[in-house]
Structures are given as structure tokens and as C-alpha cells.
Amino acid sequence: MKLRRLPLSASIALLVFLAELALLGFFAAGVYLLCEKQFLASFDESLRTNAMAIPAFVESQEGGVKLEMESLPDWGARFRRKKDPDLFAIVDTAGTLLVKFPASGDLPDWAERKEKRAVFGDFPRGTRNYRGVFEPRVLGDEEENGKGKRRVYVFYAADREEMDERLASVASALLWGAGLLLLVSGALAWGIAWRGLRPLHRLAGEAAAIRETTLDRRLSVRDIPVDLEPLAVSVNNLLERLEKAFERERQFSADAAHELRTPLSTLKSGIQAALVCRRDAAGDRTVLGELLEDVLRLEKLCESLLVIAAPNEKDPGRAMPLSDYRQCVAAVLEDFRPLAQLTDSSLTLSPGKDEPAKPGAGEDLAGSRQEKDSADRGSTPDPLVRADECSVLQIAGNLIENAILHGGTGVEVRVGIVEEERSVTLVVEDNGPGMPAEDQSRVFDRFFRRDQARARATGGAGLGLAICRALAERHGGSVRYVPRPEKGCRFEWVAEIAARRKAHSQGLKVEPGP
Amino acid sequence: MRVLIVEDEVRLARNIRKGIESLPSFAVDMAHDGEDGEHMARTNAYDVIILDLMLPKVDGLEVLRRLRAAGRLTPVLILTARTAKEDIVRGLDFGSDDYLGKPFDMGELLARIKALIRRSCGKPAPVLRVGDLEINTRCHSVRRGSEAIFLPALEYRLLEYLAFHTDQVISKTELLEHLYDFNWEKFSNVIEHYISSLRRKLDPPGQPRIIHTLRGQGYILSEQEPRNHQTP
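Everything numeric in this text was worked out from a predicted model, so none of it was measured.

Once that is clear, we can look at the overall build of chain A. If you tally the helices and strands in chain A, you get 13 helices and 12 strands. The proportion of buried residues among the 514 residues of chain A is 24%. Partitioning the intrachain contacts of chain A with sequence separation of at least 6 by distance along the chain shows that 67% fall at a separation of at least 24.

Attention now moves to the overall build of chain B. When helices and strands are counted, chain B shows 8 helices and 11 strands. Here chain B, with 232 residues, has 40% of them falling under the buried criterion.

Let us now look at the nonpolar core. Within the largest apolar cluster, 62 residues are counted, with the highest numbers of intra-cluster contacts made by V3(B), I50(B) and L51(B). In terms of residue count, the dominant contributor to this core is helix α6 (residues 153-164) of chain B (7 residues). Here this core spans two domains, since at least three of its residues come from each of domain 1 (2-120) and domain 2 (127-221) of chain B. If we skip the residues at most four places from it in the chain, I50(B) touches V3(B), L4(B), I5(B), V6(B), I16(B), L77(B) and L79(B). Membership of the second largest hydrophobic core comes to 41 residues, among which are A330(A), L347(A), L349(A) and V424(A).

Residues and elements named next belong to chain A. Put simply, chain A has an average pLDDT of 76, and 77% of its residues get 70 or more. Put simply, helix α9 (residues 361-367) is where chain A has its lowest mean pLDDT, 40, and helix α4 (residues 161-196) is where it has its highest, 90. Considering only residues more than four positions removed or in separate chains, one finds that residues 353-378, a stretch of pLDDT under 50, has 39 contacts. Within the model, the stretch residues 504-514 combines pLDDT values under 50 with 12 contacts to residues more than four positions away or in other chains.

Time to look at the environment of P225(A). Residue and element names in this part refer to chain A. Checked against the element boundaries, P225 lands in the loop between α5 (198-208) and α6 (229-276). Owing to 12 C-beta atoms within 10 Å, P225 belongs among the exposed residues under this scheme. Note: C-alpha distance between P225 and L200 (25 residues apart in sequence) is 9.2 Å.

So, about the packing of α6(A) against helix α1 (residues 10-21) of chain B. Where α6(A) meets α1(B), the closest approach of the two axes is 8 Å, and the angle between their N-to-C directions is 25 degrees. On the basis of the axis angle, α6(A) is roughly parallel to α1(B). Like other packed secondary-structure pairs, α6(A) and α1(B) cross with a definite hand, here left-handed. On the side of α6(A), the interface is formed by S265(A), T266(A), S269(A), G270(A), Q272(A), A273(A) and V276(A), while α1(B) contributes R11(B), L12(B), N15(B), I16(B), K18(B) and G19(B). A per-class count over the contact of α6(A) with α1(B) returns 4 nonpolar, 7 polar and 2 charged.

For the rest of this paragraph, the subject is unusual backbone geometry. Cis geometry is adopted by the peptide bond preceding P103(B), which originates at K102(B) and carries an omega value of -5 degrees. Locating P103(B) in the fold gives a position in the loop between β5 (98-101) and α5 (106-120). At D344(A), a residue that is not glycine, the phi angle is positive and equals roughly 60 degrees. Turning to its location among the elements, D344(A) is positioned in the loop between α8 (325-342) and β7 (346-351). The phi dihedral of H140(B) falls on the positive side, at around 55 degrees, and the residue is not glycine. Secondary-structure assignment places H140(B) in the loop between β7 (133-136) and β8 (141-144).

Further remarks concern the sheet that holds strand β3 (residues 119-125) of chain A. All names here are of chain A. With antiparallel pairing, the 5 strands of this open sheet are ordered in space as β2-β1-β5-β4-β3. The sheet terminates laterally at β2 (97-101) and β3, the two strands that pair on one side only. Averaged over neighbouring strand pairs, the angle between their axes works out to 20 degrees when direction is ignored. One ladder, built from 6 bridges, connects strand β1 (residues 87-92) with strand β5 (residues 150-159); its direction is antiparallel.

Residue and element names in this part refer to chain B. Interaxial distance between α6 and helix α8 (residues 188-202) falls to 10 Å at its minimum, and their mutual angle equals 85 degrees. The angle between α6 and α8 places the two elements in the roughly perpendicular class. Across the interface between the two elements, L154, E155, L158 and L159 from α6 touch Y194, S197 and L198 from α8.

Across the contact, 17 residues belong to chain A and 17 residues belong to chain B. Counting only elements with at least two residues in the side of chain A that touches chain B, the list comes to α6 and α12 (452-458) of chain A. For the side of chain A that touches chain B, the element with the highest residue contribution is α6(A), accounting for 12 residues. The residue makeup of the side of chain A that touches chain B, split by class, is 5 nonpolar, 8 polar and 4 charged.

This part takes up the environment of L158(B). All names here are of chain B. Checked against the element boundaries, L158 lands in helix α6. Given 24 C-beta atoms within 10 Å, L158 falls into the buried group. For the pair formed by L158 and Y194, sequence separation is 36 residues and the distance between their alpha carbons is 7.9 Å. L158 has contacts with L175, L179, Y194 and L198, leaving out every residue within four places of it along the chain.

Hydrogen bonds between backbone groups are what pair the strands of a sheet, and the pairing can be parallel or antiparallel. Residue and element names in this part refer to chain B. Strand order across the open sheet formed by 4 strands is β6-β7-β8-β9, with antiparallel pairing between neighbours. Each having just a single partner strand, β6 (127-130) and β9 (147-149) make up the two edges of the open sheet. The mean angle between the axes of side-by-side strands here comes to 25 degrees, regardless of whether they run parallel or antiparallel. Two elements, β6 and β7, share 4 bridges in a ladder whose sense is antiparallel. Paired with V130 across the two strands is L133, which belongs to β7.

All names here are of chain B. For chain B, per-residue confidence averages 88 on the pLDDT scale, and 97% of positions sit at 70 or higher. At the low end of the mean pLDDT range in chain B sits α8, at 87; at the high end sits strand β3 (residues 48-51), at 96. Scoring the predicted complex yields pTM 0.57 and, for the interface, ipTM 0.72.

The next subject is helix α3 (residues 60-69) of chain B. Residues and elements named next belong to chain B. Taken together, the buried positions of α3 are occupied by G60, L61, V63, L64 and L67. The buried residues of α3 occupy one face: seen down the axis, they fall within an arc of 155 degrees. Buried positions along α3 lie against β1 (2-6), α2 (34-43), β3, β4 (76-80) and α4 (85-93). Two residues or fewer after α3 comes G71, characterised by a positive phi angle close to 85 degrees.

Residues and elements named next belong to chain B. When the terminal C-alpha atoms of α8 are compared, their 21 Å separation across 15 residues agrees well with the 21 Å that a helix rising 1.5 Å per residue should span. Three or more residues of α8 are buried, namely I191, I195, L198 and L202. Down the axis of α8, the buried set is contained in an arc of 65 degrees. They therefore lie on one face. Every exposed residue of α8 that faces more than 90 degrees away from the buried side is listed here: N189, S196 and R200.

Definitions and cut-offs
Residues numbered from 1 in each chain as written. Chains lettered and ligands numbered in written order. Predicted model: local features only at pLDDT ≥ 70, side-chain atom pairs only at ≥ 80, totals over all residues. Helix = DSSP H or I, 4+ residues; strand = E, 2+ residues; numbered from the N terminus. Buried ≥ 20, exposed ≤ 12 C-beta atoms within 10 Å, placed from the backbone. Contact = placed C-beta atoms within 7 Å. Core = buried A, V, L, I, M, F, W, Y, C linked by C-beta atoms within 7 Å. Domains from an automatic or database assignment. pLDDT = per-residue confidence, 0-100. Axes fitted to C-alpha atoms, helices over the stretch in contact; angles between N-to-C directions. Parallel < 35°, antiparallel > 145°, perpendicular 65-115°, else oblique. Left-handed = near helix turned anticlockwise from the far one by under 90°. Nonpolar A, V, L, I, M, F, W, Y, C, P; charged D, E, K, R; others polar. Pairing = 2+ DSSP bridges. Arc of directions from axis to C-beta. Expected span 1.5 Å × (residues − 1).

Following this line, the structure appears as C-alpha cells:
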């Protein structure tokens, strides 16, 4: 398992452990070195003290060199030890051995001597380690007997293993203490980290308990550490968005199912009625025609639902073809002329505010449907929008159809194209009864119908404006309702202009503008 | 039996009408919004009303509420796309007798209409018996004793209506009201014609009569002679 995959409490404990290992290591090493230095210094001190005492002791013996073990003073007890006795010797500057104890054995090879100061050295003797000193001394007392001074080196050595053992015990005490401390603190760190992470575990448990059916639940933000609060809050926000999206989808499915039910029951009852009725050929044909009508209506509803349910492009208009805005609008106008005549409505294309008036432009554009490409459209470069022609036709068509159908008989519908530098706006205005304020916010909702009866008669499912909005937004534009101070409704569709082209750049017919 | 369909979806209403009229027992009227529906239900005598809920002008539940408030006892079947449990409970609580969700099955709808009529007439058995006359409302067959009798639709409709209201005096006006839909020209002598035709088929000479005429009052389908109703 990788280190970063370790449980947080374990890795915290591990880090604490490592940090303490380093700290305690330094500390223990320092203590050990200090002890060693101290021990060695006091050992050396006693070596020197003894070395100082040796000449006086030797001199007090007659003859200077004869040594009676038994006559050694109390401090000399260590010489009398059978095992590992201390050693001493006196050497003159020429290297002649004056006194030596014990008599057997040589001096250690290490024999560096300095006139001014004591020289310490370690050497093995038998199985033991010894430490010794060569101490420069001046023997003889000038004033007393005038024998003259004699420069000698006093050698004194003692078994150092006792000291080494003490040092070792200090080291082991340090090691054991540090190890125990490490273990305890590591365990403590683990426990504390685990306890500190408990709110996180609780949050995880709460989050895990939320199912798609219980999206209304939230993580409890109270009583959690402050630094976990952003996490909990953002999870809650995510849940909020999820819940809304779920609710929208659920509502859409319910609405869609409900809308599908009506044409479905018409279809089903039609078939069943045809089955229980006595058959005759003429009747069969009418029945089939009616059934087909139902199927067509279902088909249209399904198409509409699909348009709305299609996800919006992340990158609007990237792979979209360009469409000639004016041509499309003109085609739509032509499409709706029969409907306008049927309802005694007037349908006019008025030039936009920013445009110079072009008399008869509407008719010219309308007439160009069959021969779009060759139509003469004046000198203004035509705006092209990044949307497939189908969408443009559908958006404009839905807006105009709505205006005609909801405006009532004899309504005047004015369609205008307002061009700006970067965008083009389709304005559809009518002087019909208008819309009550409470409906204005819901008019783009799916399945919203202002009047059940009229919608049923025209076969609408309340999807027209919802489709407009979905399509317009898919192409990076927008559709909005603008309240009119006077009577009637005004819808605006704003689309971005992706490019412009002159009429002759289509390469079909080159004509200078009028 | 006369049925009123209140349904704004014209095509659906027509289909239901076709389905119901495929049975000989029924005459059907249609209304396409709540206002018309309420008006028709109040002015005509219906045996069953099929009521949509989402209606233009007046909501279906409001129509139902007003009818019940006016004391109309006509059985009402709610036929709607709203099939949530709460909707069903509310519909029934508002005074409807049955509830059917769309899309529905025509056979089921017809069976429910027939059941509503049987229940409202207090004759839950599907086979109506008057003496040795037997009317099977399931397959619309009539037999007297061991003899099967074939009846044209309108004669069957009349006989069935009388059979559902045995031992009651049914006036000609009531018969006209319940046997014909709105578009029919109503002449009372049509009833007399059908009654005499029925008599010829059902009351052969030598057997006890079961269709009786009460002069000035109407008709009665009964095993016994209706003495107490007889006019001097």
C-alpha cells in the first residue's frame, strides 16, 4: 500500500513517530557523548592524581625501587588486587625504566611522552582494556638534599572497563527510555488522530446514508470542527443542486408521461371502438385516418420531448452550421401566412430600428422561399447565426405561431429583426390580450398552458416556448418575454451573429445592390 | 340507458361514444367543457355520467361538486389521466362512484358503466328475471321460458330499462328521456310502437302478460297484474 493511501491516523502516527525518533536520537546521542566526556575526564583525573602520588610513594621507600606490596598505603589497595591491578612505572627521559609494577610484562608500545603535559592512551592488557597516562614529573627536592633534579615520566594505568560498563548502562538506559517514549507517543498520536478524525467519519457515514430517495437530507453542520465545515457545506450545496436536478427530471418525466397519456388513450380507445363496432369499408378508412392523426400527434409530442431533453452542448455552436437569419425568418413568415389568413390576423415583417426602412422588404423576403439563394436582399450584409436551419425555423415559427394563436382572431402580429454589431434580435409583437403578470414567469416552463381548451383544440402540449428556450440556449442565445406597456405580448429572441455575407458572395448570382 | 360523456378531447369522446354505442343498451351524449357538461347533466336524465377532470371553463371536480350539491344522484365515473392515489381518493370523496385512469381499456370502461347502472338500480345480478322472462345484460340476449327471442337494439334497450325498474310505473316521457340521446327527434308514439312490438314477441297469446299498460301513466314490467295502479 502506498504511503498516501495509509489511513490518515496511521500516517499521522507514523510522522509523529519519525519526528520523535529524530529528536530523541539527537537528544540521546548528546546525553551519551556528554556522559562519555564526563566519565573520561574524571577517570583521567584520577589517573593523574595517582600518577602524582606514585613518585612520593616510591621515594618514601628506601632505595627507591624496592617495593613491598604489603607496605603499600590504603589507596594502593588496587595494586594488591590479584586480578586487573593498576599498573605504574617511572621512566627517565632517556627511556630507562626506573620503577615498574608489576615487575612482569612490558610497558605498552604506546609510549608517546611529552615534557610539558600528560599524555593519555588506551591499550589492551590480556583480555581487558586499560587506560594510562604518562605524566612528566621532576623528582628530587633541590632544597633538601641537593641531589639535583631528575626528570622522569610517571606512567600510571588502570582498567577502564568499569567506566565503559557504566557508560554502556547509560547508553542502554537512554535507548530503552527513548524507545518506550517513541512507542507510547506513537500510540498516543494514533489514538489522538483517530479521535480527531471522528467527525470526518461521522460525516462520511451521514453522506453514505443518503440515497436517491432521501436527497432532502443534509449533513449536520453543527458540532463539527470549523475546518471541516467548508467540506460539509459544499457537500450540502451539492446535495441541494442534485435534489433540484432530480426534482426537475422527475417532474419532467411525470409531465411527459401525463402528456403522453391523452393522445395514447385517444389512440387506444379509437382502436378499441373500431374493434367493437361493426365493420364497413368506408368506416374503416375514416377510422384509420383518425388513428394516423393520433399517431402523428404522439410523434410530434415525442419529438418535442426529445428536443427539450437533449443535453445542452458544452461548447455551444462549435460544430453547428451557419444559417442565414433573414432567409429563415422570411421562410417562417411565409409558412404562417395561411394560418394568419385563417384567423383573420395580419402578419407583417417590419424593419428593425437600426435599419433604414425598406418598403416591401417583408414581401420580397417572403417570396424568396423557393429561390432563397437568388433573392435580392439589399446592400446590408446578411447576418449568419451559428445554428442549424431547423432550429432557427422552429424558434421563429413557435414564437409567431404563439402570437397568432394566443392573440385571438384579428390580431396584428409584427415581426421585426433588430440587428446590432454582434447580435441579431427577432422581435415578435402582437396586440392581443397580453399576458397576466403571474403567467409571465411560467410561460417558458414545460407543459405550461395558459388555456387548456385552446391548447387542446390546437393540439399543443405547452412545449412550444420551452422548446424555443432550449434551442436558443443551445446555440448560445436567449429567448425572453418583454412586457409591453400597451396591450399584447412581445417576445425577443437574441442570437449571436457568427458571420456576415453579402448577397453576391453566395456565388450564384452577382448583383450590385440598389 | 343514457350516458353523458364530459370530455374536452373531442376525438377521445367520440371514441368512447362509439365504444358505448356498440352495446344496444345505451344512448350517448357528449359535452366538451365543464359548463356544458354541468348544464346537460342538470337538464337531462342520465343513468351514468363519464367525467374528465381537467376540463376547460369549469373543472371536473367542481362539476361533480355542484351536481351533488344540487342533489343529483346519477352515478359518476371519473375518467382522467390523473392517476395518483391522492387524486383518486379526492375524486371518490367528492362524490364520484368510480374512477378510471387514462389510458383505459374500453372493455373495462363498458363493464364499469354496466356495473354502475346495475348497482344504482339495485339489481346487481347480470341476469334480470321477471317471471320466466330472462334478460342477460352481459350478452344482451332475451329468452322467455326456453325460447330465445331476438330483439332489435332499441327494443332491447326499452325492455332492459323496464327490467331494471320492474314493478315501477315508467312514463313515456321517462322512457324517451332515457332511451334516446340528444339528437333524436322525440315522438311518444315511437314508444307505443316499440311496446306493441315487444308485446308481440314477449307476450304470446295463452301466456301471462308481463308488459302492462297503465293508461295515462305509463308502462310496467311485472309478473302480476298491476291492480292497484289500474285506472277506473
